[in-house]
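Next come the chains, spelled out residue by residue.
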Amino acid sequence: MIIIMSPTATRENLKKVQDKIVSMGLTYHMSKGASRTIVGVIGDKKVISSLQMKAFDGVEKTVQITEKYKLVSREFKPNDSVVNVGGVLVGGGNLAVMAGPCAVESMEQLLEAAECVKAGGANFLRGGAFKPRTSPYDFQGLAEQGLKMLKEAGEKTGLKVVTEIVDVNAVDLVCKYADVLQVGARNMQNFELLKAVGRSQKPVLLKRGLSATISEWLNAAEYILSEGNYNVILCERGIRTYETFTRNTLDLSAVAAVKELSHLPVIVDPSHGTGRWQMVRPMARAAIAAGADGLMIEVHPHPEIALSDGDQSLTPENFQSVMDEVHKIAKAMESK
Ligand code: PEP
Ligand code: MN
């Protein structure tokens, strides 16, 4: 249930509502807007449905939520959330561009990629140090050595670092080097990992699972918020369908769906979403036009020798020209 307090509700009114919730053995999360406070009630469903909150002074209305997720919902927080990554804002009309190689391969490769994505207008450097590969014989990443390189390249270029975490025991380690923890598609329903990143206060980039519905994806985000970490950015990266021409089917309608259902920022990854570098440009343009808050794009100084995902990686030149177009579309969207 969510309880919407009226604009004239006093602090005492709110306190009485909170006390009642706690006295019933339930917990609450607060969302304070410019004119209204919204209280999300969490706990036993039966107890919640017996709550008679409308009789309390200062309560404007109560809404029973049919979906299981609450904290990520628009009902709970009507205004768009903006995630602040050390001064770089994601959401709320700011264009976030996370770009870089699929995997960190060497300092030289990473720095070259970082400098070119910075020049193209990216504000985040992406790169995997722990790679969840389909085959155990494929390159698995440079682990902590890769994290160190990311931090160094981030500091040298002024880019924020986003990198994937695959192990629940590695939260402290990855937090030491990264500005954003990425939970990948394969781990979207790794609930222990979601809870662990939720207990950290680092911003989290939550990719949509390979076969996840939008509801499952938002419930995964709910795990993170329910642990107290509200700094979540969603990322649509394509889903599994019967189509084989593309690696995945990029579901741009998910951007519009998420904007309707949730206040969280959502970005789009046209690289994994299509698996083909030729399709990154049109899908990046479309993502921004559809209302996405940003993009994640794989860029490699030499895609033909990349240790992973070379087929979907842009060259520095192509990245630059894709970004020129994306910036034009973002600007047109602002003046709509
Ligand atoms: C990645 O971004 O490096 C990655 C592995 O993506 P996904 O989890 O979407 O497959
Ligand atoms: Mn990749």
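The structure this text deals with has already been given above.
Asker: Looking at this structure, I do not really get the environment of Ile38. What am I missing?
Answerer: With respect to the helices and strands, the residue Ile38 is situated in strand β3 (residues 37–42). Under the relative-accessibility criterion, Ile38 is labelled buried at 4%. Along the backbone, Ile38 and Ile4 are 34 residues apart, and their C-alpha atoms lie at a distance of 4.7 Å. Ignoring any residue separated from it by four or fewer positions in sequence, one finds Ile38 in contact with Ile2, Ile3, Ile4, His29, Met30, Ser31, Glu75, Phe76 and Pro78.

Asker: Hey, could you run me through the packing of helix α6 (residues 191–199) against helix α7 (residues 214–226) in this one?
Answerer: The angle between the axes and the distance between the axes are what describe a pair of packed helices. In contact at an axis separation of 7 Å, α6 and α7 are set at 40° when each is read in the N-to-C sense. Judged by the inter-axis angle, α6 sits oblique to α7. In this structure, the crossing between α6 and α7 has a hand that is right-handed. Residues Phe191, Leu194, Lys195, Val197 and Gly198 of α6 form the contact with α7, whose participating residues are Ala220, Tyr223 and Ile224. The residue inventory of the contact of α6 with α7, partitioned by class, reads six nonpolar, one polar and one charged.

Asker: Honestly, helix α3 (residues 107–120) in this entry has me stumped. Any pointers?
Answerer: Residues separated by three or four positions in an α-helix point in the same direction, a consequence of the helix having 3.6 residues per turn. Spanning 14 residues, α3 covers 20 Å between terminal C-alpha atoms, matching the ideal 20 Å at 1.5 Å per step. Within α3, the full set of buried residues consists of Gln109, Leu110, Leu111, Ala113, Ala114, Cys116, Val117 and Gly120. Residues of α3 that are buried sit in contact with β7 (96–100), β8 (124–126), α4 (143–157) and α11 (316–334). Count one or two residues on from α3 and you reach Gly121, which has phi positive near 105°.

Reading the values: rules and limits
Residues numbered from 1 in each chain as written. Chains lettered and ligands numbered in written order. Predicted model: local features only at pLDDT ≥ 70, side-chain atom pairs only at ≥ 80, totals over all residues. Heavy atoms only, no water. Helix = DSSP H or I, 4+ residues; strand = E, 2+ residues; numbered from the N terminus. Buried < 20%, exposed > 50% of the residue type's maximum accessible area, 1.4 Å probe, protein only. Contact = heavy atoms within 4.5 Å. Axes fitted to C-alpha atoms, helices over the stretch in contact; angles between N-to-C directions. Parallel < 35°, antiparallel > 145°, perpendicular 65-115°, else oblique. Left-handed = near helix turned anticlockwise from the far one by under 90°. Nonpolar A, V, L, I, M, F, W, Y, C, P; charged D, E, K, R; others polar. Expected span 1.5 Å × (residues − 1).

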